[in-house]
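Summary of the model geometry
Spelled out, the chains give:
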Amino acid sequence: MGLIECHSHLLPFVDDGVRSKDDALRLLDAYAQAGFDRVVVTPHLYNPLVTTRTQNIRTMFTWAYGEAQHRGVQLILGSETYIGGIADPQVLPFLNNFVLLEVDTVIEPLFLLHHAYALHKRGLTVILAHIERYRWFSVQSEVATELRKIGVYFQCNVDALKEKTVQHYLEKGWVDIIAGDNHGDEHMPARLAEALNTNPIILQRMENLFAKREEI
Ligand SMILES: [Fe+2]
């Protein structure tokens, strides 16, 4: 079985990820060469710092899906949904029921627990993106403990693996997923493959988590 990238911005003309079709193709080549056979694209939704052309998501996904298929990679559509001021934010679940959430890096969002729990009650499995970025979040924070209790998975970015904050989460066994959050770096797939292969416990956890989940 190949590797999985479950957080990336590889659709051109959609968000702040890759800028052109050529760049997207270079990235797909790089993922295939690094041993990935599944790549989830997760366009930003509602992120106040990013303009997302949601009208382009389906067209670009259809185009990229075919290109990925030629390279032996299954492209899967998800979203990275920002939880902030929107009462009922939309999510695009991937592999049946995973949803990727992001939040403000500086201020603790008021309703993260509420949203995570509501999604959980809808049968969705929540992944909190790049936990190392949130200054208000730590292994000691109450909200982190509560999120773990309702089954939220924590994802860290490959390029943050050496950061002190990630070390705390690693020691506590709270890093479930390592992902690229790739916005256009063609060398990242190789770095991610290396990180996954040098963290076999997390790799196994990811294989278990994402095994047997068929795309609808
Ligand atoms: Fe992202």
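So, here's what we can say about the structure. (Residues numbered from 1 in each chain as written. Predicted model: local features only at pLDDT ≥ 70, side-chain atom pairs only at ≥ 80, totals over all residues. Heavy atoms only, no water.)

Focus: the side chain of His-9
Selection criterion: Runs of H or I in DSSP of at least four residues are treated as helices and runs of E of at least two as strands, each being numbered from the N terminus. In the analysis that follows, any N or O atom pair within 3.5 Å is treated as a polar contact, provided that within protein one partner can donate a hydrogen and the other can accept it, and provided that, for residues neighboring in sequence, both atoms belong to side chains.
Turning to its location among the elements, His-9 is positioned in the loop between β1 (3–5) and α1 (21–33). Polar side-chain contacts of His-9 include one of 3.2 Å to the backbone oxygen of Thr-42.

Focus: the coordination of the iron ion
Cut-off, in case you're wondering: Donor selection uses N, O and S atoms within 2.8 Å of the metal (3.2 Å for Na, K and Ca). Since no water is included, sites may look incomplete. When four donors show all angles between 85 and 135 degrees the site is tetrahedral, when four or six donors have opposite pairs over 155 degrees and all other angles between 65 and 115 it is square planar or octahedral respectively, and in every other case it is irregular.
Bound to the iron ion are the protein donor atoms His-7 (NE2), His-9 (NE2), Glu-80 (OE) and Asp-181 (OD), situated 2.0 to 2.2 Å from the metal. With 4 donor atoms in place around the iron ion and angles of 83 to 170° between them, the coordination shape is irregular. As a motif over one chain, the donors of the iron ion read H-x1-H-x70-E-x100-D. Here Glu-80, found in strand β5 (residues 80–82), pairs with Asp-181, found in the loop between β9 (177–179) and α6 (188–198); they are 101 residues apart in sequence, far enough to count as distant.

Brief notes about the nonpolar core
Put simply, the test is: Throughout this description, the term nonpolar core refers to a set of buried Ala, Val, Leu, Ile, Met, Phe, Trp, Tyr and Cys residues connected via side-chain atoms within 4.5 Å. The cut-offs for exposure are 20% and 50% of the maximum accessible area for each residue type, with area from a 1.4 Å probe on protein chains only; residues under the lower value are buried, those over the upper are exposed, and the others partly exposed. In what follows, a contact means two residues having at least one pair of non-hydrogen atoms within 4.5 Å.
Formed by 76 residues in total, the largest nonpolar core has its most connected members in Leu-11, Phe-94, Phe-137 and Phe-210. Sequence-distant contacts of Leu-11, defined by excluding residues within four places in its chain, comprise Val-18, Val-41, Pro-43, Ile-57, Met-60, Phe-61, Ala-64, Leu-75 and Leu-77.

Focus: unusual backbone geometry
A positive phi angle, close to 50°, is found at Leu-95, a residue other than glycine. Mapped onto the fold, Leu-95 is located in the loop between β5 and β6 (98–102). Classification of Leu-95 by relative accessible area gives buried; the value is 1%. Of note in this structure, Asn-96 is not a glycine but carries a positive phi near 75°. Structurally, Asn-96 can be placed in the loop between β5 and β6.

Focus: the side chain of Ser-79
By secondary structure assignment, the location of Ser-79 is in the loop between β4 (74–77) and β5. Owing to a relative accessible area of 2%, Ser-79 belongs among the buried residues under this scheme. Side-chain polar atoms of Ser-79 contact the side chain of Thr-81, separated by 3.1 Å. Polar side-chain contacts of Ser-79 include one of 2.9 Å to the backbone nitrogen of Leu-92. Discounting residues that sit within four places of it in the chain, Ser-79 has contacts with Val-41, Thr-42, Pro-43, Leu-45, Val-91, Leu-92 and Leu-100.

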